[in-house]
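Listed here are the chains, written in short residue letters.
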Amino acid sequence: MDAHGPGETTEDGFPALLHRAYEHALDWRASVARRPVFPSVTPDQLRGVLGAGGLSEDGEDASETLDALARAGELGATGSAGPRYFGYVIGSSLPVAAAADWLVTAWDQNTTLYSCGPAVAVLEDICAEWLVDLLGLHGHTSVGFTTGTQMAAFTGLAAARHQLLAAAGWDVETDGLWQAPRIPVIVSEQRHASIDRALRFLGMGTSVHTLACDAEGAVELPALAAALESVEGPPIVCVQAGNINTGAVDPLAEVCERVHARDGWVHVDGAIGLWALASDQHRRQLEGAHLADSLTTDAHKWLNTPFDCGIVLVAHPAAHRAAVGVAADYLEASEQRDQINTVPDWSRRARSVPVYAALRTLGRSGVSRLVDRNVELARRMAARLAAEPGVEIVNDVVLNQVLVRFEAPHRARDALTKEVIRRVQQDGVCWLSGSHFAGRRVMRVSVCSWLTTPGDIDRSAEEIIRRFRDACS
Ligand SMILES: *Cc1c(COP(=O)(O)O)cnc(C)c1O
């Protein structure tokens, strides 16, 4: 027998394994556009491939492990890396971003401190500068790279909590929220649920003041005026750039002006829409974004980097650092970027590297084109669908989100819309999901991928119309 058992990998095996993974990865990416966008697989089939028989005592051959993974992916991964996945808000990774992510794995850096790896710390600093510049924010803005917008919101709102309580003479980091003055929190009634979750995690609770929205899902300024009137003390106000359903952007300039007049803090959830700041065509919708106190976005959505990467941008670096920064005897702090002071994580992956790779390769005009093209494709989808009698486009397509509703004689519209979604999902040509908007069931189409072409849109629209007709007959 070999000196090494199957479970004891040696360095010698590394090239062969990387090549095998490379081949499997290429197979996947080369075939994803041809595969059904949603797989028809059962959990039992996946358990069979992945070995539901329990963990082996002595380990297994490494290349067989990779083959089993590849098989499981082929059977049970969705086509979100392909061109006709319109579900949730999920982009497909740019080739350079996915390739850079392989380097992240090869380098195997712990992205906690400069002293854990100068290359990534400096890269992250540069990437942060590029982002602040691209998005037109103030030069002093501090930036953290989180798992997603959920933790970016947590970070931004932690900075808000610090700042407003410090102004009230309260040290929340030391004394917690026990007997702290209450900070009023005002949120859009159509906020993403991750805002509530961040408030929960921060001990601020979800008993908040909500702002009514207009027909497109943007907050109404009279509602803000009334809420500001009704609260005592400077509030935290959460608005959004890119409504989860419609893509609508709240009136950021007016919100910031009014909230700042009350010494409050404005947090902008830009998970979907913040990238529109990079576009000459669409930037105007986000006028005033540079006035916000904290903003978030996802690189893994519209920038098309691999999962996972969210971004938090805070206009008050001292509050940002006070809220999440940390020191410990064994940590070698530096004068350089110590990433631990920007996010709630301790050890973490160098997830900023694919962001750097995407930005460097696309440049300003490339990011702008990515946004512009997807908005144009979303409008094309809306136009194709609206041409069919019985299909209603519910929203103004201002970004990459399209809401669709179906109507036929003697059919309940909610039930019919749900049925069309189900049929399209089963069919495999494209995939999208449903939602509720203004109390009505809608089909939600989100165009986020650099890969999507006008041909993909037309084919998907035809498919949706075909399934609508089937559902009616
Ligand atoms: C996706 C999304 C979030 C949550 O982001 P994650 O990256 O999944 O953590 C928050 N807000 C909006 C508007 C989103 O679209």
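An unreviewed UniProt entry annotates the protein as Pyridoxal-dependent decarboxylase of Streptomyces oceani. As stated in UniProt under Cofactor (unreviewed entry), the record for the protein gives "pyridoxal 5'-phosphate". What UniProt states about the protein under its Sequence similarities (unreviewed entry) heading is, verbatim, "Belongs to the group II decarboxylase family."

**Focus: the packing of aromatic side chains**
Scanning all chains against the criterion turns up seven aromatic pairs. With centroids separated by 5.7 Å and ring planes inclined at 20°, the aromatic side chains of Phe-38 and Trp-431 adopt a geometry described as stacked. A residue pair is termed long-range when its members are at least 10 positions apart, and Phe-38 in the loop between α1 (14-31) and α2 (43-50) and Trp-431 in the loop between α13 (413-427) and β10 (433-437) qualify at 393 residues. Taking relative accessible area as the criterion, Phe-38 reaches 38% and is therefore assigned partly exposed.

**Some points on the pairing of strand β7 (residues 310-314)**
Counting buried residues along β7, five of its five residues qualify, which places the element largely inside the surrounding structure. Of the two faces of β7, the one carrying Gly-310, Val-312 and Val-314 and the one carrying Ile-311 and Leu-313 are both buried. Across five bridges, the pairing between strand β1 (residues 142-146) and β7 is antiparallel. Note on β7: the bridge partner recorded for Gly-144 is Val-312. Here five bridges tie strand β6 (residues 294-298) to β7, and the two strands are oriented antiparallel to one another. When the sheet's bridge partners are listed, Asp-298 is paired in β7 with Gly-310.

**Digging into the nonpolar core**
Of all hydrophobic cores here, the largest spans 60 residues; its most connected members are Leu-131, Val-255, Trp-275, Leu-286, Ile-311, Leu-313 and Val-355. In terms of residues, this core owes the most to one element, helix α12 (residues 352-386), which gives nine residues. Counting 27 residues, the second largest nonpolar core, distinct from the first, contains Val-404, Phe-406, Leu-416 and Cys-430.

**A short note on the environment of Ser-279**
When you line up the elements, Ser-279 lands in the loop between β5 (265-269) and β6. Spatially, the C-alpha atoms of Ser-279 and Gln-240 are 18 Å apart, while their sequence positions differ by 39 residues. The contact partners of Ser-279, leaving out residues within four places of it in the chain, are Ser-368, Val-371 and Asp-372.

**Examining the state of the cysteines**
Summed over the entire model, instances satisfying the criterion amount to zero disulfides. With no disulfide of its own, Cys-309 lies 7.7 Å from the sulfur of Cys-127, the closest cysteine sulfur. Look at Cys-309 and you get buried, because its relative accessible area is 0%. Unpaired in terms of disulfides, Cys-472 finds its nearest cysteine sulfur in Cys-430, a separation of 17 Å.

Criteria and cut-off values
Residues numbered from 1 in each chain as written. Predicted model: local features only at pLDDT ≥ 70, side-chain atom pairs only at ≥ 80, totals over all residues. Heavy atoms only, no water. UniProt positions renumbered as here; feature names shortened; annotations may be inferred. Phe/Tyr/Trp six-rings, centres within 6.5 Å; stacked < 30°, edge-to-face > 60°. Helix = DSSP H or I, 4+ residues; strand = E, 2+ residues; numbered from the N terminus. Buried < 20%, exposed > 50% of the residue type's maximum accessible area, 1.4 Å probe, protein only. Pairing = 2+ DSSP bridges. Core = buried A, V, L, I, M, F, W, Y, C linked by side-chain atoms within 4.5 Å. Contact = heavy atoms within 4.5 Å. Disulfide = S-S within 2.5 Å.

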